[in-house]
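This is what each chain is made of:
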Amino acid sequence: MGIEIRDLSKSYGDFTALADINLTVPTGGLTAVLGPSGSGKTTLLRILGGQETPDAGTVLIDGRDVTHTPARHRNIGFVFQHYAAFKHMSVAKNVAFGPEVRKQPRAEVDRKVQELLELVQLGAFGERMPSQLSGGQRQRMALARALAIEPSVLLLDEPFGALDAKVRKELRDWLHRLHDEVELTSVFVTHDQEEALEVADTIVVVNDGGIEQVGTPEEIYDNPATDFVFHFIGESTLLGDSLLRPHDVVVRPEGEGSGLPGTITRWNRVGFEIRLEVTLDQAVQPGPVHVQMTRTEAQDRGLSPDDRVEVSPHPRAELRPAQALVAADG
């Protein structure tokens, strides 16, 4: 039955953190709550976990009203950004802590700990101390500890935010595979659009205490419901009086297209990708047009830095009025 949130509101003095939130989180799904700082995403997660109490509304988990149920009685597993490990305990003891507090039989706890350590690829690290693990390993230990109590829901608060880019990428891939194996209803909070698009089955975009859109990663990116979602999810650029994705801008050498003329004034190669800025001749916009294309595309079109070019939107590009930029920034 998953999680059901009905008419949820929360304020801190004059500040409204959440306003009339209604949301269904499907059973077994991996749902990302995505939004900028101050959007209400962490408040929503804390209310789900029982660390905060809403001013109004209802929270149901597997059909049970837990709105005023203490966190320790909700059977929820938590994974935080900074691990919150018991530094004086070994990795195995950290994972065993929850079942031991619940007074589960010793043999059952030992079996569960070893199974979980194997699951998170730490089977040979049980006797080590948390300080002897890398950041990525400590986060996997934290996940094993959260799973040890056999939670009905797993909540993750910016779980990879303290890690470097390469480790974050590896853990995102690993978490997705692990979730497919465990099939646990999970909700994770992030401000990282790429992380949400890559890992989640469902994305909930929040802003100013409200929900802007709920959908699959494909729906959120390809069919944004609001100007904010369009601007917040992925990159956007201005071309004339329209906004579009930089990868939907077509650049051809001058004389080979029918677009707006300009000059390539910035050329930056990032791996297989070329990121350009084209400064238009006409005073139709205040800044350059940002473009993304593969290195192969740039080579096939014979493009080079400082070239004279013509730019136009791809025929299948989604165009939005330029006012969307102002609305999203405001």
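Treat the numbers as computed from the prediction; the structure is a model and nothing was measured.

Q: Just to check I follow, could you spell out the sheet that holds strand β1 (residues 3-12) for this structure?
A: Pairing between the strands of a sheet comes from backbone hydrogen bonds, and it takes one of two forms, parallel or antiparallel. Spatially, four strands are ordered β2-β1-β4-β5 in an open sheet, and the strand pairing comes out antiparallel. Each edge of the open sheet carries a strand with a single partner, namely β2 (15-25) and β5 (64-65). Of the pairings in the sheet, the one linking β1 to β2 comprises seven bridges and is antiparallel in character. Among the inter-strand pairings, I5 is bridged to a residue of β2, identified as L23.

Q: Sorry, what's going on with the packing of helix α4 (residues 135-147) against helix α5 (residues 165-182) here?
A: Orientation of α4 relative to α5, taken along the N-to-C sense of each, is 25°, at an axis distance of 11 Å. When the interaxial angle is binned, α4 and α5 end up roughly parallel. For the pair α4 and α5, the sense of crossing is right-handed. In this structure, α4 uses G136, Q139, R140 and L143 to contact α5, whose residues at the interface are V167, L171, W174, L175 and L178. Within the contact of α4 with α5, the residues separate by chemical class into six nonpolar, two polar and one charged.

Q: Help me understand the nonpolar core in this model?
A: Where a protein is soluble and globular, its nonpolar side chains tend to be buried together. Judged by nonpolar contacts, the single largest core of 43 residues is most densely connected at V95, L143, L154 and I203. A per-element tally of this core places α4 first, with six residues. Those residues within four positions of L154 in sequence are excluded, and the remaining contacts are G77, F78, V79, L143, A146, L147, L184, T185, S186 and V187. Formed by 22 residues, the second largest nonpolar core is a distinct cluster that contains L44, L155, V189 and V204.

Q: How do you make sense of the side chain of D192 when you look at a structure like this?
A: Assignment of secondary structure puts D192 in the loop between β8 (185-190) and α6 (193-199). Within the local environment of D192, its side chain forms a polar contact with the backbone nitrogen of E195, the two atoms lying 3.0 Å apart. Aside from chain neighbours lying at most four places away, what touches D192 is L34, R168 and R172.

Q: Just to check I follow, could you spell out helix α1 (residues 41-49) for this structure?
A: Along an α-helix, residues three or four apart share an orientation, since each turn contains 3.6 residues. With seven of its nine residues buried, α1 lies for the most part within the structure. At the exit of α1 stands G50, carrying a positive phi of roughly 95°.

Q: It is not clear to me how the packing of aromatic side chains should be interpreted in this structure. Could you clarify?
A: Aromatic ring pairs are reported here in terms of the distance separating the ring centres and the angle at which the planes meet. By the definition in use, this model includes three aromatic pairs. Relative to F97, the ring of F86 has its centre 4.6 Å away and its plane inclined at 45°; by these criteria the two rings are tilted. Taken together, the positions of F86 in the loop between β6 (76-79) and α2 (91-101) and F97 in helix α2 put the pair eleven residues apart, joining distant regions of the chain. Owing to a relative accessible area of 33%, F97 belongs among the partly exposed residues under this scheme. A ring pair is formed by F228 and F232, whose centres lie 5.3 Å apart and whose planes are at 15°; its orientation type is stacked. Placement of both F228 and F232 in helix α8 (residues 227-232) is noted, with a separation of four residues, approximately one turn of the helix. A relative accessible area of 14% means that F232 is categorised as buried. Over the aromatic face of F230 sits the side chain of R245, whose NZ or CZ is 4.5 Å from the ring centroid.

Criteria and cut-off values
Residues numbered from 1 in each chain as written. Predicted model: local features only at pLDDT ≥ 70, side-chain atom pairs only at ≥ 80, totals over all residues. Heavy atoms only, no water. Pairing = 2+ DSSP bridges. Helix = DSSP H or I, 4+ residues; strand = E, 2+ residues; numbered from the N terminus. Axes fitted to C-alpha atoms, helices over the stretch in contact; angles between N-to-C directions. Parallel < 35°, antiparallel > 145°, perpendicular 65-115°, else oblique. Left-handed = near helix turned anticlockwise from the far one by under 90°. Contact = heavy atoms within 4.5 Å. Nonpolar A, V, L, I, M, F, W, Y, C, P; charged D, E, K, R; others polar. Core = buried A, V, L, I, M, F, W, Y, C linked by side-chain atoms within 4.5 Å. Buried < 20%, exposed > 50% of the residue type's maximum accessible area, 1.4 Å probe, protein only. Polar contact = N/O pair within 3.5 Å; in protein donor to acceptor, adjacent residues only side chain to side chain. Phe/Tyr/Trp six-rings, centres within 6.5 Å; stacked < 30°, edge-to-face > 60°. Lys NZ or Arg CZ within 6 Å of the ring centre and 35° of its normal.

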